[in-house]
Amino acid sequence: MSLADVKYLPETPAHDTEIEAINDEAFGPGRFVLAAYKIREAGGHERALSFVAVDGVIVVASVRMTRIAAGAGRALMLGPLAVRPAFKNLGIGRRLVAIALEAATKAGMPAVMLVGDEPYYGPLGFKRIPRGQISMPRPVDLDRLLSHEIVPGAVARLSGEVCHADVARVSDPVPVMA
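What counts and what doesn't
- Residues numbered from 1 in each chain as written.
- Predicted model: local features only at pLDDT ≥ 70, side-chain atom pairs only at ≥ 80, totals over all residues.
- Heavy atoms only, no water.
- Helix = DSSP H or I, 4+ residues; strand = E, 2+ residues; numbered from the N terminus.
- Rg over C-alpha atoms; globule rule 2.2 N^0.38 Å.
- Buried < 20%, exposed > 50% of the residue type's maximum accessible area, 1.4 Å probe, protein only.
- Salt bridge = Lys/Arg side-chain N within 4 Å of Asp/Glu carboxyl O.
- 1 Å grid on protein atoms, 1.4 Å probe; cavity = no way out; pocket = protein on both sides within 12 Å on 5 of 7 lines; lining within 4 Å.
- Points joined across faces, edges and corners; volume = space filled by probe spheres on them.
- Nonpolar A, V, L, I, M, F, W, Y, C, P; charged D, E, K, R; others polar.
- Pairing = 2+ DSSP bridges.
- Phe/Tyr/Trp six-rings, centres within 6.5 Å; stacked < 30°, edge-to-face > 60°.
- Lys NZ or Arg CZ within 6 Å of the ring centre and 35° of its normal.
- Contact = heavy atoms within 4.5 Å.
- pLDDT = per-residue confidence, 0-100.

> Quick one: what's the story with the overall build of the chain, residue by residue and with numbers?
Regarding its fold elements, the chain presents 4 helices and 9 strands. The C-alpha radius of gyration computed for the chain amounts to 16 Å, which stays within 12% of the reference 16 Å derived for 178 residues, consistent with globular compactness. Across its three principal directions, the C-alpha atoms of the chain cover 50 × 35 × 30 Å. In the chain, buried positions account for 46% of the 178 residues.

> Quick one: what's the story with the pattern of salt bridges, residue by residue and with numbers?
Side chains that differ in charge, positive against negative, can pair when their charged atoms come close. Within this structure, the stated rule accounts for 13 salt bridges. As a salt-bridge pair, Asp-16 and Arg-64 come within 3.2 Å of each other at their nearest N and O atoms. Here Asp-16 is found in helix H1 (residues 16-27), whereas its partner Arg-64 is found in strand S3 (residues 58-71), with 48 residues between them in sequence. Arg-128 is paired through a salt bridge with Glu-118; the nearest N and O atoms lie 3.1 Å apart. Taken together, the positions of Arg-128 in strand S6 (residues 127-128) and Glu-118 in helix H4 (residues 118-121) put the pair 10 residues apart, joining distant regions of the chain. Among the residues examined, Arg-128 registers a relative accessible area of 44% and is labelled partly exposed.

> Give me the lowdown on the layout of surface pockets, citing residues and values where you can.
Of the pockets and cavities examined, the largest pocket occupies roughly 740 Å³. Phe-27, Leu-81, Val-115, Tyr-121 and Arg-144 are, among the 32 residues lining the largest pocket, the residues nearest its centre. Listed by contribution, the elements that provide at least two residues to the lining of the largest pocket are H1, helix H2 (35-41), strand S4 (73-83), helix H3 (92-106), strand S5 (111-115) and H4. Top contributing element to the lining of the largest pocket by residue count: S4, with 7 residues. Each residue belonging to the lining of the largest pocket can be placed in one class, and the counts come to 21 nonpolar, 5 polar and 6 charged.

> For the pairing of strand S8 (residues 145-149), give the residues involved together with the corresponding values.
For S8, the buried fraction is high: 4 of the 5 residues fall into the buried class. Pairing between S5 and S8: 5 bridges, direction antiparallel. Across the sheet, the residue bridging to Ala-111 is Glu-149, located in S8.

> Describe the packing of aromatic side chains, and please don't skip the residues or the numbers.
A full pass over the atoms with the stated rule returns 2 aromatic pairs. Geometrically, the ring pair formed by Tyr-120 and Tyr-121 is edge-to-face, given 4.8 Å between the ring centres and 80 degrees between the ring planes. By relative accessible area, Tyr-121 is classed as buried at 11%. Ring centres 5.7 Å apart and planes at 75 degrees place the aromatic pair Tyr-121 and Phe-126 in the edge-to-face group. Judged by relative accessible area, Phe-126 falls into the buried class, the value being 2%. Through a chain of ring-to-ring contacts, three or more aromatic side chains come together here, namely Tyr-120, Tyr-121 and Phe-126. Directly above the ring of Tyr-37 sits Arg-40, whose terminal nitrogen or CZ lies 4.7 Å from the centroid. Over the face of the ring belonging to Tyr-8 we find Arg-95, whose NZ or CZ atom lies 5.8 Å from the ring centre.

> So what's going on with the environment of Ala-168? Which residues, and what values?
For Ala-168, the location among the structural elements is in the segment after strand S9 (158-164). Distance from Ala-168 to Gly-71, taken between C-alpha atoms, is 8.4 Å for residues 97 residues apart in sequence. Leave out the neighbours within four places in its chain, and Ala-168 touches Ala-69, Arg-74 and Cys-163.

> Can you lay out the pairing of S9 for me, pointing to particular residues and giving the numbers?
Judged from the 3 bridges that link them, S3 and S9 form a sheet pairing that is antiparallel. Paired with Ala-69 across the strands is Cys-163, a residue of S9. Sheet analysis places strand S7 (residues 134-135) next to S9, joined by 2 bridges and oriented parallel. Directly across from Ser-135, in S9, lies its bridge partner Glu-161.

> Just give me the short version of the confidence of the model for the chain, but keep the residues and values in it.
Residue-level pLDDT values for the chain average 91, and 93% of them are 70 or greater. Note on residues 171-178: pLDDT is under 50 here. Beyond four places in sequence and across chains, it has 12 contacts.

Put into structure tokens, the structure is as follows:
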């Protein structure tokens, strides 16, 4: 396998079975009790902003984006990001994140947040969300709540408990997009 053989494509329904297998391999069955999965359960992810890496016809990595709300703020939640073990440490995950951030910017999204490790995501443009600004529907290490701001001030608009945008209160104002 050569990195030149890896292609990056928008996710399609045909990828679903392989993506689930990759996520199961990477995170196991315990992933369903995590805060981010609780949010994802409330509505689907944005397939047009989600991507896969393929080697030939085999999906070797994926990243998904889900629309979220927290107070008056709106954003995307990046994740899960998963790479098959044989393809780790080659830059595939970082490339998928870059592609997803570019797609979010083109779609006019104000920010992207995630639950993840700052040493990995920091160099990709993510910063810690101030402790206590947002909360999740299940316990989470608040130091792992990271964001990538696309529109200045967008992250400051995120406050309170994060939920899927489809279940956000109607009274929450919709932000101005870039």
